[in-house]
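# Examination of the molecular architecture
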Amino acid sequence: MGKIKSASELSKLRQKILSKRDPKKPCITICSGTGCHAYASEKVSNAFQEELKKQKLEKAVDIKRTGCHGFCEKGPIVVIYPKEICYLQVKPEDVTDIVSQTIKEGKIVGRLLYTDPHTNEKIVHESEIPFYKHQKRLIFGNNRKIDPKNIEDYIALGGYKALAKVLFELTPKQVLEEVKKASLRGRGGGGFPAGRKWETTRNANGEPKYVIVNCDEGDPGAYMDRSLMEGNPHSILEGFIIGAYAIGSHEGFIYVRQEYPLAVENTEIAIHQAEEYGLLGEDIIGSGFGFNVKIHRGAGAFVSGESSALVSAIEGKVGEPKPKYIHTAVKGLWGKPTCLNNVETWANVPFIIDNGAEWFKSLGTSNSKGTKIFSLVGKVNNTGLVEVPMGMSLREIIYDIGGGIPNGKKLKAVQTGGPSGGVIPKSLIDTPVDFDELAKLDSMMGSGGMIVMDTDTCMVDIARYFVKFLSEESCGKCVPCREGLRHMLRLLNNITSGKGNAGDIERLEELSEFTRDASLCALGTTAPNPVLSTLKYFRNEYEAHINEKRCPASVCRELIAYYIDPEKCQACGICTKNCPTGAISGKKGIVHVIDQKKCIKCGACIDVCPERFGAIEKISGESIPLVPKSMKVKSIR
Amino acid sequence: MKREKTKSHFIGLRVTKKQKEVLSKIQEKSDLSKTDILLKGLEILDEYYSLGLDRPPLSYELKELEEEAMHHSEELKRIRRREESIREMVQELRDIDEVIDKHQGDKSALIQILLEIQSRNHWLPKPALMWVSERLNVPMSQILHIATFYKAFSLKPRGKHLVRVCLGTACHVRGGQRILEEAERVLGIKAGETTPDHRFTLESVNCLGCCALGPVMIVDDEYHGKLAPSKIGKILSNHT
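Model, not experiment: these values are computed from the prediction.

Thresholds applied
- Residues numbered from 1 in each chain as written.
- Chains lettered and ligands numbered in written order.
- Predicted model: local features only at pLDDT ≥ 70, side-chain atom pairs only at ≥ 80, totals over all residues.
- Heavy atoms only, no water.
- Helix = DSSP H or I, 4+ residues; strand = E, 2+ residues; numbered from the N terminus.
- Buried < 20%, exposed > 50% of the residue type's maximum accessible area, 1.4 Å probe, protein only.
- Contact = heavy atoms within 4.5 Å.
- Areas by Shrake-Rupley, 256 points an atom, 1.4 Å probe, with all protein chains shown as cover.
- Phe/Tyr/Trp six-rings, centres within 6.5 Å; stacked < 30°, edge-to-face > 60°.
- Lys NZ or Arg CZ within 6 Å of the ring centre and 35° of its normal.
- Pairing = 2+ DSSP bridges.
- Expected span 1.5 Å × (residues − 1).
- 1 Å grid on protein atoms, 1.4 Å probe; cavity = no way out; pocket = protein on both sides within 12 Å on 5 of 7 lines; lining within 4 Å.
- Points joined across faces, edges and corners; volume = space filled by probe spheres on them.
- Core = buried A, V, L, I, M, F, W, Y, C linked by side-chain atoms within 4.5 Å.
- Buried area = accessible area lost by both parts, 1.4 Å probe.
- Salt bridge = Lys/Arg side-chain N within 4 Å of Asp/Glu carboxyl O.
- pLDDT = per-residue confidence, 0-100.
- Axes fitted to C-alpha atoms, helices over the stretch in contact; angles between N-to-C directions.
- Domains from an automatic or database assignment.
- Polar contact = N/O pair within 3.5 Å; in protein donor to acceptor, adjacent residues only side chain to side chain.
- Parallel < 35°, antiparallel > 145°, perpendicular 65-115°, else oblique.
- Left-handed = near helix turned anticlockwise from the far one by under 90°.
- Nonpolar A, V, L, I, M, F, W, Y, C, P; charged D, E, K, R; others polar.

Before going further, it helps to spend a moment on the overall build of chain B. Counting its regular elements, chain B contains nine helices and six strands. Across the 240 residues in chain B, those meeting the buried criterion constitute 42%. For chain B, contacts bridging at least 24 residues in sequence account for 57% of all contacts bridging at least 6. For chain B, the accessible area works out to roughly 14200 Å², and carbon and sulfur atoms hold 52% of it.

Next up, the structure:
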């Protein structure tokens, strides 16, 4: 393949690719995102290859390994085109049935379909599954249709059309105006208007100018940038090149976490292919505009996602933040103007160019336009990646898309915005999700992590978890963040281990304020958010821990005890066998008893106690009832 | 006893002048080859030993020879070992050179270079870091600053199997901490440590991006999802 030299050559190539492809030819797509990979989707894909070979169908059927489909709960996902038959939780053993029934005879394998938990109805097509039906898949939609390692798949779907339009029909200024008009806000956390950032870098003095894709997605529980980078790297590249053109930059960096090896691999391939096709490098599509991209792998530091720290890291130094008297947009990489945007932000750009700012503005709320990808995780039935228009309520996301809370438990709160965000209690879940509404509740959009918590979650423990995470990730450069977090963690450790004192809550509040006001970078200034928001909505839990030495959710280890209800115990002996410290005594027919001195509270017994007995309980804040020695089992059911 | 230093040799063994004289006399008289003399001598020694006689004629000289032979073979082994380790080190440094050349000796690629060394060796040996420091002309203090700042780097050798327990928020609310504690208990080490037999290194990570599987533990590249603490012992005992 030679280099594409004009816009018409690009559209000719697209026609050629499309004419070679028969839309009626069966195509088996297998999700190969990280979630499905963990479910061994590779084995499924190999099994398909073997089975097709065995049945002599390898020429009649295509196999495609796509990026993440988002419905990670039910992986590995297999979708068979052209009919879009969606099979979930496919195992290598199911492959023979799929090939011989669906591919050969056009029949559907019922047991692999999605079953609606409420109506028990089987759903055949992927887009009709409630998880997908309520979403608006704009940025993420192409993930399931393309092989990220093949640029032709992306071009066939209209890829790089926006780039050609920009290079031949628009001036850099016009591109900038279009993005500004669309009111695209940064998807990485802060929600700063992308167009304004671009303009600052464009107008700043100094050459060369640099642009950066920030894929240092460090928030625990958030993985949408990763899935996008792994599943559709060309969409990010296209937006990136358009941005560089508007800003007037000829060199860019993609900063990817070292923990994301597949993202690095697929992006490398994408860059290589784009260069081969003349879509990247010198003289892009024959327009005279040149742009080169390099990948920089991060080495594992949460704070490196902060713009000034990320810039230092690319320079080969320690990724520590610097005071921002002057923004990186003006003085960044090697002291030159540098525009840094998150993966999802760049991926939005081709859509804005293709469809126009007005169309983009029609999605979302008054100050937050477009869609947002969330990673819906935690205690929710349908874990996965969800893309919805801004302004959808938390309730719709959790119940309509997420399918509610598992095991018949009740919702307690939702945590958004990662370690810098806050918790939103159940009473406020009708809040529409956008940048401003979440900020009003003392939480934030962040990069889009959405962690659902049920009544078994202890809010003090969650605050402790985030403060621990942040104190470990604090670079230690400025005192308020380093010491403030350390002392907050100490107080929270005391509270969760039953050593809390009166006045600890006030001290926590005071420390939070100091850390927030005096820290150097956003890590420190937002670090107290998890504490402040849990205090705001769940102060009573803190008080129960301190005053009554009780953990209302029965989570904090030092405040709970495991107890076998003698009325329910059937002396089956399973817990005795599984107890790692031999703390449970009991014989056949004799009620089992936990020796509290030996018990390490690992919870193994509660996991193994048969559900129909449910004899083991967690007790908090009360004394453990005494069980008479050698008590006989009540009634064998 | 102090040995006279001499350059005299007897079948590769260092001998004193006096011993050499005695030996050449024997050789002249008996018309035997040097090796035969040595064997004969050792046989005599063996005979005397088996008879329980402790001061046989010639015993002193032969014992010396025996000791000398032992000494030489030990020395030879040591030299070979040293040669081998030098060869290994040269190979290692050549590999590092390759990495540095790939990045055209660019100082700003330091983190990338260290990442590649880390992924080849699974840790950063000190000689390697010194080499990088020399080649890139970056002070060792800066390299150590980076190597200790970022989590991906390890300055200690790692175990054969890497066990990673996810403590991301989603795994945390599903009991990831209990998984880590159980893994620590089973292996007898804390997170971040390596077992004394170098079989396992245990680490906690902050999100592996497969939240649907939580709580998750990864052993090498094998994912164990929706894990209960009671299963950990069995999983780990499958890895030798």
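With that out of the way, let us pick up the packing of aromatic side chains. All names here are of chain A. A full pass over the atoms with the stated rule returns 17 aromatic pairs over all chains. Here Phe-240 and Trp-346 contribute two aromatic rings whose centre-to-centre distance is 5.0 Å and whose plane-to-plane angle is 70°, an arrangement assigned as edge-to-face. With a gap of 106 residues between them, Phe-240 in helix 11 (residues 233-247) and Trp-346 in helix 14 (residues 343-355) connect regions that are remote in the sequence. For Phe-240, a relative accessible area of 0% corresponds to the buried category. With a centroid separation of 5.3 Å and an interplanar angle of 85°, the aromatic rings of Tyr-245 and Phe-289 are classed as edge-to-face. Taken together, the residues Tyr-245 in helix 11 and Phe-289 in the loop between helix 12 (261-276) and strand 9 (292-298) connect sequence positions 44 residues apart. Overall, Tyr-245 belongs to the buried group, its relative accessible area being 13%. Relative accessible area serves as the criterion here: at 9%, Phe-289 is assigned to the buried category. For Lys-372, the ring lying beneath its charged end belongs to Phe-374, and the centroid distance is 5.8 Å.

Below, the discussion takes up the pairing of strand 15 (residues 449-454) of chain A. The side chains of a regular strand alternate, residue by residue, between the two faces of the sheet. Residue and element names in this part refer to chain A. Burial within strand 15 is extensive, with six of its six residues counted as buried. With burial as the criterion, each face of strand 15 is covered, one bearing Gly-449, Ile-451 and Met-453 and the other bearing Met-450, Val-452 and Asp-454. Relative to strand 15, strand 11 (residues 371-378) runs parallel, the two being bridged by four bridges. Each residue of the ladder has a partner; that of Val-377, found in strand 15, is Ile-451. Bridge analysis of strand 13 (residues 411-416) against strand 15 gives five bridges, and the strand direction is antiparallel. If you follow Leu-411 over to strand 15, its bridge partner there is Asp-454.

Residues and elements named next belong to chain B. Helix length check: helix 4 (residues 110-121) (12 residues) gives 17 Å between terminal C-alpha atoms against 16 Å at 1.5 Å per residue, within 8%. Judged by how many residues are buried, helix 4 sits mostly within the fold: nine of 12 residues are covered. A positive backbone phi angle near 70° is found at His-122, which sits one or two residues after helix 4.

Residues and elements named next belong to chain A. In this structure, the second largest pocket encloses a volume near 1100 Å³. Along its surface, the second largest pocket is lined by 38 residues, and Gly-188, Gly-189, Gly-190, Gly-305 and Glu-306 are the ones closest to its centre. Elements that contribute at least two residues to the lining of the second largest pocket include exactly helix 9 (194-203), strand 10 (338-342) and helix 21 (522-526). Residue contributions to the lining of the second largest pocket peak at four residues, all from strand 10.

Inside soluble globular proteins, nonpolar side chains tend to come together where they are buried. The biggest cluster of nonpolar side chains holds 89 residues, and the ones touching the most others in it are A:Ile155, A:Tyr160, A:Trp198, A:Leu237, A:Ile254, A:Leu279 and A:Phe291. Among all residues touching A:Ile155, those that are not within four sequence positions of it are A:Leu10, A:Leu13, A:Arg14, A:Ile17, A:Tyr160, A:Tyr277 and A:Leu279. If you look at the next biggest cluster of nonpolar residues, it comprises 66 residues, including A:Leu340, A:Cys481, B:Leu93 and B:Ile117.

What follows is about helix 6 (residues 140-149) of chain B. Of the positions making up helix 6 of chain B, those classed as buried are B:Ile143, B:Ile146, B:Ala147 and B:Phe149. The inward-facing, buried residues of helix 6 of chain B abut helix 4 and helix 5 (126-136) of chain B.

Let us look at the interface of chain B and chain A. Contacts between the two partners involve 37 residues from chain B and, on the opposite side, 57 residues from chain A. Overall, the association of chain B and chain A removes approximately 3700 Å² of surface from exposure, summing both partners, and the carbon and sulfur fraction of that is 56%. When residues of chain B are sorted by the area they lose upon contact with chain A, B:Phe149, B:Thr169 and B:Val173 head the list and together hold 16% of the total. Remark: the boundary between chain B and chain A carries five salt bridges.

Further remarks concern unusual backbone geometry. Between A:Tyr81 and A:Pro82 the backbone carries a cis peptide bond, its omega angle lying at 5°. Tracing the sequence through the fold places A:Pro82 in the loop between strand 3 (78-81) and strand 4 (85-87). The amide bond that connects B:Gly214 to the next residue, B:Pro215, takes the cis arrangement and shows omega of -10°. Tracing the sequence through the fold places B:Pro215 in the loop between strand 4 (200-205) and strand 5 (217-219). The backbone of A:Ile285 sits at a positive phi, close to 45°, despite the residue not being glycine. If you trace the backbone, A:Ile285 turns up in the loop between helix 12 and strand 9. Of note, A:Lys601 is a non-glycine position whose phi angle comes to about 60°, a positive value.

The tally for this structure, following the rule as stated, stands at 49 salt bridges over all chains. Put simply, A:Arg297 and B:Glu116 hold a salt bridge, and the shortest N to O gap is 3.8 Å. With A:Arg297 in strand 9 and B:Glu116 in helix 4, the pair connects residues from two separate chains. Overlapping salt bridges bring together A:Glu506, A:Glu509, A:Arg539 and A:Glu543 as one network.

What follows covers the confidence of the model for chain B. Of all residues in chain B, 88% have pLDDT values of 70 or greater, and the mean over the chain is 83. Reported for the predicted complex are a pTM of 0.85 and an ipTM of 0.83.

What follows concerns the sheet that holds strand 9 of chain A. Residue and element names in this part refer to chain A. The strand order across the open sheet built from four strands is 9-8-7-10, with neighbouring strands paired in parallel fashion. Of all strands in the sheet, those with a lone pairing partner are strand 9 and strand 10, marking the two edges. Adjacent strand axes in the sheet meet at a mean angle of 20° when their direction is disregarded. Where helix 12 meets the sheet, its contacts fall on strand 8 (251-257) and strand 9, and the angle it forms with strand 9 comes to roughly 170°.

Residue and element names in this part refer to chain A. The domain architecture assigned to chain A consists of domain 1 (24-81 + 85-124), domain 2 (151-361), domain 3 (371-457), domain 4 (460-547) and domain 5 (557-620). Between the C-alpha centres of domain 2 and domain 3 there is a distance of 28 Å. Contacts between the two partners involve 16 residues from domain 2 and, on the opposite side, 21 residues from domain 3. Buried surface at the junction of domain 2 and domain 3, summed over both partners, amounts to about 1400 Å²; 58% is from carbon and sulfur atoms. When the area that domain 2 buries against domain 3 is broken down by residue, the three leading residues are Arg-187, Tyr-223 and Met-224, summing to 36%. In this assembly, domain 2 and domain 3 are joined by two salt bridges. As a salt-bridge pair, Glu-344 and Lys-372 come within 2.6 Å of each other at their nearest N and O atoms. At the boundary of domain 2 with domain 3, the tally comes to five residue pairs in polar contact (both at pLDDT 80 or more). For the side of domain 2 that touches domain 3, the element with the highest residue contribution is helix 10 (residues 224-231), accounting for three residues.

The subject of this paragraph is the pairing of strand 12 (residues 384-389) of chain A. Residue and element names in this part refer to chain A. Within strand 12, five of the six residues are buried, leaving the element largely enclosed by the surrounding structure. By the bridge criterion, six bridges tie strand 11 to strand 12 in an arrangement that is antiparallel. Following the sheet pairing, Lys-372 is matched in strand 12 by Val-388. Hairpin connection between strand 11 and strand 12: a loop of five residues separates the two successive antiparallel strands.

Here the focus is the packing of helix 1 (residues 7-20) of chain A against helix 7 (residues 161-169) of chain A. All names here are of chain A. Look at helix 1 against helix 7: their axes get within 10 Å of each other, and the N-to-C directions meet at 165°. In terms of their interaxial angle, helix 1 and helix 7 are classed as roughly antiparallel. For the element pair helix 1 and helix 7, the recorded crossing hand is left-handed. For the pair helix 1 and helix 7, the contacting residues are Ala-7, Leu-10 and Arg-14 in the first and Lys-161, Ala-164 and Phe-168 in the second. For the contact of helix 1 with helix 7, the residue count by class is four nonpolar, no polar and two charged.

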